[in-house]
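# Examining the three-dimensional arrangement
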Amino acid sequence: MMKLNPISKSEASRYMGVRGVPDVQIMEILDRLEPVVRERMRPKYVYRKTAVNFTENGLFLEGLNVSLDGEDIKKHLSGCQEAVVMATTLSDEADKLIRQTAVTDMAEALAVDCLCSAGIEQVCNRAEDEIFSVIHAPYRTWRFSAGYGDFPLDIQKHLLLFLNAQRRIGLTVTENCLLLPSKSVTAIIGISENPVRRGKKGCASCKMKDNCAFSAIGKTCSEA
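Let me sum up the structure you'll find in this document. (Residues numbered from 1 in each chain as written. Predicted model: local features only at pLDDT ≥ 70, side-chain atom pairs only at ≥ 80, totals over all residues. Heavy atoms only, no water.)

### Quick word on the overall build of the protein
A count of helices and strands for the protein gives eight helices and seven strands. For the protein, with 224 residues in total, the buried portion stands at 43%. The contacts in the protein between residues at least 6 apart in sequence include a share of 76% that link residues at least 24 apart. When the accessible surface of the protein is split by element, carbon and sulfur atoms take 50% of a total near 11,900 Å². (Helix = DSSP H or I, 4+ residues; strand = E, 2+ residues; numbered from the N terminus. Buried < 20%, exposed > 50% of the residue type's maximum accessible area, 1.4 Å probe, protein only. Contact = heavy atoms within 4.5 Å. Areas by Shrake-Rupley, 256 points an atom, 1.4 Å probe, with all protein chains shown as cover.)

### Some points on the packing of aromatic side chains
In this structure the tally under the stated criterion is five aromatic pairs. Seen from their ring centres, Trp142 and Phe144 are 5.5 Å apart, and the 35° between their planes marks the pair as tilted. Phe144 matches Trp142 in its accessibility class, with the two residues each being buried. Grouping aromatic residues by their ring pairs yields a cluster made of Trp142, Phe144, Tyr148 and Phe151. Against the face of Phe132 rests Arg140, its NZ or CZ located 4.3 Å from the ring centre. (Phe/Tyr/Trp six-rings, centres within 6.5 Å; stacked < 30°, edge-to-face > 60°. Lys NZ or Arg CZ within 6 Å of the ring centre and 35° of its normal.)

### Some words on the sheet that holds strand 1 (residues 44-55)
As summarised here, the arrangement of the five strands in space is 2-1-3-7-4, forming an open sheet in which the pairing is antiparallel. Every interior strand has two partners, whereas the edge strands, strand 2 (58-61) and strand 4 (139-140), have only one. Where strand 1 meets strand 3 (residues 82-89), eight bridges bridge the pair, whose relative direction is antiparallel. From the neighbouring strand, Arg48 faces strand 3, where its bridge partner is Val85. In the packing of helix 5 (residues 106-134) onto the sheet, contacts are made with strand 1, strand 3, strand 4 and strand 7 (184-192), and the angle to strand 3 comes to roughly 140°. (Pairing = 2+ DSSP bridges. Axes fitted to C-alpha atoms, helices over the stretch in contact; angles between N-to-C directions.)

### Re the pattern of salt bridges
Side chains that differ in sign of charge can pair as their charged atoms come close. Applying the stated rule across the entire model yields 13 salt bridges. Across the pair Lys96 and Asp92 runs a salt bridge whose closest N-O atoms are separated by 4.0 Å. Asp113 is the partner of Lys183 in a salt bridge, and the nearest nitrogen-oxygen pair spans 2.8 Å. Of the two residues, Lys183 is situated in the loop between strand 6 (179-180) and strand 7 and Asp113 in helix 5; the sequence distance between them amounts to 70 residues. When its relative accessible area of 26% is taken as the criterion, Asp113 is described as partly exposed. (Salt bridge = Lys/Arg side-chain N within 4 Å of Asp/Glu carboxyl O.)

### Re the environment of Thr141
Tracing the backbone shows Thr141 in the loop between strand 4 and helix 6 (156-163). Exposure remark for Thr141: the relative accessible area of 0% places this residue in the buried category. The spatial distance from the C-alpha of Thr141 to the C-alpha of Leu77 is 7.7 Å, given a sequence separation of 64 residues. Within the structure, Thr141 has its side chain in polar contact with the side chain of His76 (distance 2.9 Å). Separated by 2.8 Å, the side chain of Thr141 and the backbone nitrogen of Gly190 make a polar contact. (Polar contact = N/O pair within 3.5 Å; in protein donor to acceptor, adjacent residues only side chain to side chain.)

### A closer look at helix 4 (residues 93-102)
Quick reminder: α-helices carry 3.6 residues per turn. Residues three or four places apart thus point the same way. All of the buried residues in helix 4 are Glu93, Ala94, Asp95, Leu97, Ile98 and Thr101. On the buried face of helix 4, the contacting elements are helix 2 (24-40) and helix 5.

This is the structure:
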């Protein structure tokens, strides 16, 4: 079973909206709560490789009975013959810990939330490394999730069914297409025999762009 490695406290502090180096008070909270978060989480992931089919009726993944709508996902998978669909989660322990902490201290609850956000990013990176250590992929794209650009969130339920994610890792989706547990991610990674464009994930593609603390101060999360 996967266990979290030490969570990046600098990344967690950026999620908290900290610019530059965190102050002593924030670092004390993060130092104290990081091992608690790391011990409580039960990270899991699941994936499935499939063929990519561009047809006159749209873009399809073999085995997924709906088209992938939106121009951005089409651009993302352009030139790809295969793709990996993956889902990761920290388990419902993340939501439980956030709720429990919020009862007594909202600042600590925010820190736990942001440590979990940094933690799920770590899990995504490690899962991707493990997946592509066993799957032949001469070239691949970065992870593209529902909600990026014009790729609609309502694809989530179809991706979870495709992966049998509820049974395998306990991941479900609400009527509003939000993942439960909340600290979870689904993504599609394109695979090609030829070089593919791996542009950076920009603010225009981020599903948090309308509620971003960094953009409000004229920054991006990578430079804050």
